[in-house]
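Topology and contacts: notes
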Protein chains: 2
Amino acid sequence: MRTSIATVCLSGTLEEKLHACADAGFDGVEIFEQDLVVSPMSPEEVRALAERRGLTLDLYQPFRDLDGVADDRFAHNLARAEAKFRLMNRLGIDTMLVCSNVATLTVRDDEVLAAQLRRTGDLAQRYGARIAYEALAWGAYVNTYRHAQRIVDLADHPAVGTCLDSFHILSRGDDPAGITQIDPEKIFLVQLADAPVLAMDVLSWSRHHRLFPGQGGFDLPGFMGHLVRGGYDGAVSLEIFNDTFRQSDVDATARDALRSLIWLQDRTAALIARDPSASARMTLSTLPEAAPARGLDFAEVHTDDPDTVGQLLDQLGFAFRGQHRRKPVQLWTQGAARIVLNSGPRVSGTSLSGFGLQFPDPAATVRRATALKAVAVPRHHTADEQPLPGVRAPRGLEVFFSPAAAEPAWQAEFADPATTDAGLIRSIDHLNLAQPWDAFDESVLFAESVLQLVSRPATEVPSPVGLVRSQVLETADRAVRLAVNIVPQTLGGSGYPEHVALRTDDIVAVARRARAAGMRFLPVPQNYYDDLAARFPLADTDIEVLRDLDLLYDRDDGGAFLHFYTATVGRVFFEVVERRDGYEGFGAPNAAVRLAAQYETARRRPSRERTEGGV
Amino acid sequence: MRTSIATVCLSGTLEEKLHACADAGFDGVEIFEQDLVVSPMSPEEVRALAERRGLTLDLYQPFRDLDGVADDRFAHNLARAEAKFRLMNRLGIDTMLVCSNVATLTVRDDEVLAAQLRRTGDLAQRYGARIAYEALAWGAYVNTYRHAQRIVDLADHPAVGTCLDSFHILSRGDDPAGITQIDPEKIFLVQLADAPVLAMDVLSWSRHHRLFPGQGGFDLPGFMGHLVRGGYDGAVSLEIFNDTFRQSDVDATARDALRSLIWLQDRTAALIARDPSASARMTLSTLPEAAPARGLDFAEVHTDDPDTVGQLLDQLGFAFRGQHRRKPVQLWTQGAARIVLNSGPRVSGTSLSGFGLQFPDPAATVRRATALKAVAVPRHHTADEQPLPGVRAPRGLEVFFSPAAAEPAWQAEFADPATTDAGLIRSIDHLNLAQPWDAFDESVLFAESVLQLVSRPATEVPSPVGLVRSQVLETADRAVRLAVNIVPQTLGGSGYPEHVALRTDDIVAVARRARAAGMRFLPVPQNYYDDLAARFPLADTDIEVLRDLDLLYDRDDGGAFLHFYTATVGRVFFEVVERRDGYEGFGAPNAAVRLAAQYETARRRPSRERTEGGV
């Protein structure tokens, strides 16, 4: 499949956009008129730069309000179009997008519209160009792809074809199955956009909230399936109007964009494979097969204060398993929970820097990640150490791929690999990661495609500094669970704490042991326990145990959830959770209590926080 | 009118919220349950703090899903309610908000619902409390205020009344006129919220997009008019769920909130005054009368580099009118355009720090601003200098109030007050101000209420770093025009340039003179002129004049607009505009060209910018 993208999707200058699209690996771009008009590059320079970077220029767009007008206005429109055909000759672009009339339509007659497209096609031909007519969902007269196609068919001109845009079709709830009836030679371009399912006016939805395929609620593999079955073999281009992407890093957005098309091809190919009657001409690139993750291998904390973090782990019952043979890295374990403390030379502060996932075949997962343009983490290992390949998730988090094993081989690189323990902590239950407000869609697509996780519906949690959006991503069997918090814009993502949640079957014992060892808990307000007593039929004695140990409580249909939080070191803290009777949530109603307590603590101890608890 | 506000409107801890509400001048607050649950303050402490700060606690809220359930669940609900009545006794709150059932309703029978409210009223009475029943717009059965009132009337219990919320009524397009039919003694509380007119699902609209009165599209003076005419005399409380307010500075938001209620009272009083039949019991505070501004008196630029800014003004034809007699401040004028360059000791960089407006009676405007809780700018003047009172607009901009005069008296404080000039610049056409993304609603309310400006519909302009929202605010006669730009979130508001637009009747002469004087213009790309030729029927020679002088062009129905921009010094630049044949816009289609050129310039000259052009 030839991949393309409209320059309007990205931030920066036209020059920056072209470089970012080429670097990401796109085959071509659509030149959005506004980007050219404001650029100091001449059309010839744009053409030359695109050629040098190996990008085709697939479309010039948009040309508005051409059709359905009286003769005098149409004459003016033809003059406008001719100026653009001349410009396209300078750019080396042969196709111009013509959007159905929104603002100036006065004639509602298909024959008239077809005649006007035909005359524009004649003019285009003189410049070696052609026009792709597109029905906007809010077009004054033509607003469905079927209607646009009727007019293109009536025009019956070699330089007049159609442009299909998934947003304009799917946002209206229109059935895309009719696409297979269109002569594929008359489809001059396909534009793809996903979008969240929102109940709002279509124009605002389209102009501000479009997403890359796989990030929203539209069935784009199904849409692509119709195109491929219909015999389409041209470029598939992204046209995403999104307020966030417009202001995000251009290179990251371009990479995210191409990943969405790679992912879409794989899913479309899977769909087509189930329908042997299809006679596809388009070649869809598919991803290397790789079984999903079996579990969390380890969590890695970067810290310039390993003593303080180590003390917390000790108080939670972790065993120190020694220093790495070669690097300033400590291993702490308890049950299957493995925490790596990395105090390398460039580490400053304390933060959750990454994690390892166990896969049946890590090499296959690496191949898949590479195909999805994930960026490898450069990591040196000596000949007698485990390779542990990894990739960088959006905004820098490192994810490593290890072989599935109860006792990972890399533990042998630490001083005391043979120690076994019978601690109360069984495993890492989940990781809670923070992402800045503009990384949400990119992160979810990365997790779904590269890490093969499934996303649950997002929730929102009030905090003293704004709403926090929380997105759970997990394997189908829930062996791996991540909670990604999108932090309020005023925080910008820095300073917001992340945590490792540890699972036990006896949280009261863990809490008592930690208290006896002098651990600092995150304090829970008394009002919380009064409210708990009103909400749940708990015995007073149970409430008192919770209150005494700063434990939080939640219930779902089947089971109960008890958990507590430690104080924060730098940007990291720990949670201990006990899941009873199949409770599968994350205690979301209690997250607001945690966020408020952390805010209170930070407010009262703005400067002592880092050193407190140190040796 | 007694003013109140729900704690959920604001950011921070409950303690911070209470202090902010008291500092702003509210009479009372509603305690939002979540804020109490996550607070380390005991109910007794909350009560004591509120008493000390002179705040009444007007409501405890919300109590959900009480009514329309089967007996066993209702018994559980009564137990829940009793726990809350006990808590309210500790807080010293006598009224609890009961929202119509959304989630657990099984019984659709008004008699049953009324009986359940009656039993809850009995229970409440035992604690000296009462319940205010509110129809949520998305209630499962009860979702209109009329239906809620029918059930309250059926319940016929002294401890059972209603709570009216303007959002739940107006978002449904419901007619609020029926409010006058309700016994005012049965209205236990009124909650007010404005909202932008959005086509989206009501729940999301309500939870994320509410605004303070006067900031949205609802007719709240009309709503209040019905309440006052109906004889209501209780508290009027703000309940605003807004994602931005939740993360903004708590003190600024509380001040903004109270200003909205002061402004609303004045407008409601004006409405009531036109209807002499009304028998209002509520006392509405009204604002001192003050005639609107007659014009812009001056623009003030803070700069630590007055030589560079002065050189630009000189190149634009401004005359240096001398130093201030006492302070490091320069005055430059041309026609009625007056620019003050302030290089005071704490000034760093170059920024647009404020402006003066001319009023027929500045003292009246000061009284009005003070009544609207505007914060005065402390400004020392000696006995023989003009007083020039001023207020601080949101985010620090200073606005001064001067007497209307062709030659302002304060000019006498500069060395050369008598100079007259016959320059090509006539006046300041408008100011273009930048505000961070979270200041929009506050800024517009401030401009409308304190400065008595009228807002036009907002527009959006694409820039290389995101969409810029532009809001024009002006006097009815357009003698004063401000364009407020809300800058993309990634920029955060710092570094985004602001400008002074100067009006001339001969822009070509101004541009030629400036070019001859060696002034640096913002460069306009050639592609812009090619596009202009396609869009407008301009002669080739006209285009060449524009191209030669880096002029931009726009048309509206009647007239034409020509303008150019200077290079930027620090965060300030100048624009020169010529309005032909009654053109009343601001060249919005060209703003994207300017933003892209400024981005290009900053990218190419990241460090030289500040010093370039210096002496």
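Predicted model, so just to flag it, every value in this text is computed and none were measured.

So, the relation of the copies chain B and chain A
Once chain B has been moved 0.0 Å along the axis and rotated by 180 degrees, it coincides with chain A to within an RMSD of 0.0 Å. What the rotation and shift describe, once combined, is the action of a two-fold rotation axis. The position closest to the rotation axis in chain B is occupied by the C-alpha of B:M200, lying 2.1 Å away. A share of 100% of interface residues in chain B that are also interface residues in chain A marks the association as one of identical surfaces.

Quick notes on the state of the cysteines
On inspection of all chains with the given rule, the structure shows 0 disulfides over all chains. Among the cysteines around A:C21, which has no disulfide bond, A:C9 carries the closest sulfur, lying 7.9 Å off.

Digging into the interface of chain B and chain A
The partner chain A presents 50 residues to the 50 residues of chain B that form the contact. Both faces considered, chain B and chain A share a buried interface measuring about 4,000 Å² in area, 54% of it formed by carbon and sulfur atoms. Joining chain B to chain A, the criterion identifies 4 salt bridges. In this structure, A:K84 and B:D531 form a salt bridge, with 2.6 Å as the shortest nitrogen-oxygen distance. Of all the elements in the fold, those that place two or more residues in the side of chain B that touches chain A are helix 1 (14–24), helix 2 (33–37), helix 4 (71–91), strand 19 (459–463), strand 20 (466–474), helix 15 (526–535) and helix 17 (588–604) of chain B.

Observations regarding the environment of B:S237
Residue and element names in this part refer to chain B. With respect to the helices, strands and loops of the structure, S237 is situated in strand 8 (residues 235–238). In this structure S237 comes out as buried when scored by relative accessible area, which is 0%. Between the C-alpha atom of S237 and that of D165, which follows or precedes it by 72 residues, the distance is 9.2 Å. The contacts of S237, once residues within four sequence positions are left out, are S4, I5, A6, E30, L189, V190, Q191 and L192. Side chain to side chain, S237 and E30 meet in a polar contact 2.5 Å long.

As for the sheet that holds strand 9 (residues 295–303) of chain A
In a beta sheet, neighbouring strands pair by backbone hydrogen bonds and run either parallel or antiparallel. All names here are of chain A. An order of 10-11-12-9-13-16-15-14 is seen for the 8 strands of this open sheet, with the pairing classed as mixed. Strands at the two margins of the open sheet, each flanked by one partner only, are strand 10 (319–323) and strand 14 (375–376). Relative to strand 12 (residues 337–342), strand 11 (residues 329–334) runs antiparallel, the two being bridged by 6 bridges. Within strand 12, the position partnered with Q334 by the bridge is A337.

With respect to helix 3 (residues 43–52) of chain A
Where helix 3 of chain A is concerned, the buried positions are A:P43, A:V46, A:L49 and A:A50. When helix 3 of chain A is viewed along its axis, its buried side chains cluster within an angular range of 125 degrees and face the same direction. In this structure, helix 3 of chain A carries A:E51 and A:R52 as exposed residues pointing more than 90 degrees from its buried face. Structurally, helix 3 of chain A contributes buried residues whose contacts are with helix 1 (14–24), strand 2 (28–32), helix 2 (33–37), strand 3 (56–63) and helix 4 (71–91) of chain A together with helix 15 of chain B. Backbone geometry just after helix 3 of chain A places A:G54 at a positive phi near 75 degrees.

Some details on the environment of A:F298
Residue and element names in this part refer to chain A. Among the structural elements, F298 can be located in strand 9. On a C-alpha basis, the gap between F298 and S402 in space is 9.6 Å, while along the polypeptide they are 104 residues apart. Once residues within four sequence positions are removed from consideration, F298 is found in contact with R338, V340, F355, G356, L388, F400, S402, W410 and I428.

Digging into the confidence of the model for chain A
Residue and element names in this part refer to chain A. Averaged over every residue, the pLDDT of chain A is 93; residues scoring 70 or more account for 96%. A low-confidence stretch, residues 606–615 stays under pLDDT 50, and its non-local contacts, those more than four residues away or across chains, total 13 contacts. For this predicted complex, the interface confidence comes out at an ipTM of 0.91, alongside a pTM of 0.92.

Structural notes on the pairing of strand 17 (residues 425–435) of chain A
Residues and elements named next belong to chain A. Taking burial as the measure, the 11 residues of strand 17 include 9 buried ones, the bulk of the element. Sheet analysis places strand 17 next to strand 22 (residues 498–504), joined by 6 bridges and oriented antiparallel. Looking at the pairing, H430 lines up with A501 of strand 22. Here strand 17 pairs with strand 21 (residues 481–486) via 5 bridges, running parallel. Looking at the pairing, L433 lines up with V484 of strand 21.

Comments concerning helix 4 of chain B
Residue pairs three or four apart in sequence face the same way in an α-helix, which turns once every 3.6 residues. Residues and elements named next belong to chain B. Given a rise of 1.5 Å per residue, 21 residues ought to cover 30 Å, and the 30 Å separating the end C-alpha atoms of helix 4 matches this to within 8%. Of the residues making up helix 4, those classed as buried are F74, N77, L78, R80, A81, K84, F85, L87, M88 and L91. Directly after helix 4, the chain includes G92, whose backbone phi takes a positive value near 75 degrees.

What counts and how
- Residues numbered from 1 in each chain as written.
- Chains lettered and ligands numbered in written order.
- Predicted model: local features only at pLDDT ≥ 70, side-chain atom pairs only at ≥ 80, totals over all residues.
- Heavy atoms only, no water.
- Least-squares fit on C-alpha atoms with pLDDT ≥ 70 in both.
- Contact = heavy atoms within 4.5 Å.
- Disulfide = S-S within 2.5 Å.
- Buried area = accessible area lost by both parts, 1.4 Å probe.
- Salt bridge = Lys/Arg side-chain N within 4 Å of Asp/Glu carboxyl O.
- Helix = DSSP H or I, 4+ residues; strand = E, 2+ residues; numbered from the N terminus.
- Buried < 20%, exposed > 50% of the residue type's maximum accessible area, 1.4 Å probe, protein only.
- Polar contact = N/O pair within 3.5 Å; in protein donor to acceptor, adjacent residues only side chain to side chain.
- Pairing = 2+ DSSP bridges.
- Arc of directions from axis to C-beta.
- pLDDT = per-residue confidence, 0-100.
- Expected span 1.5 Å × (residues − 1).

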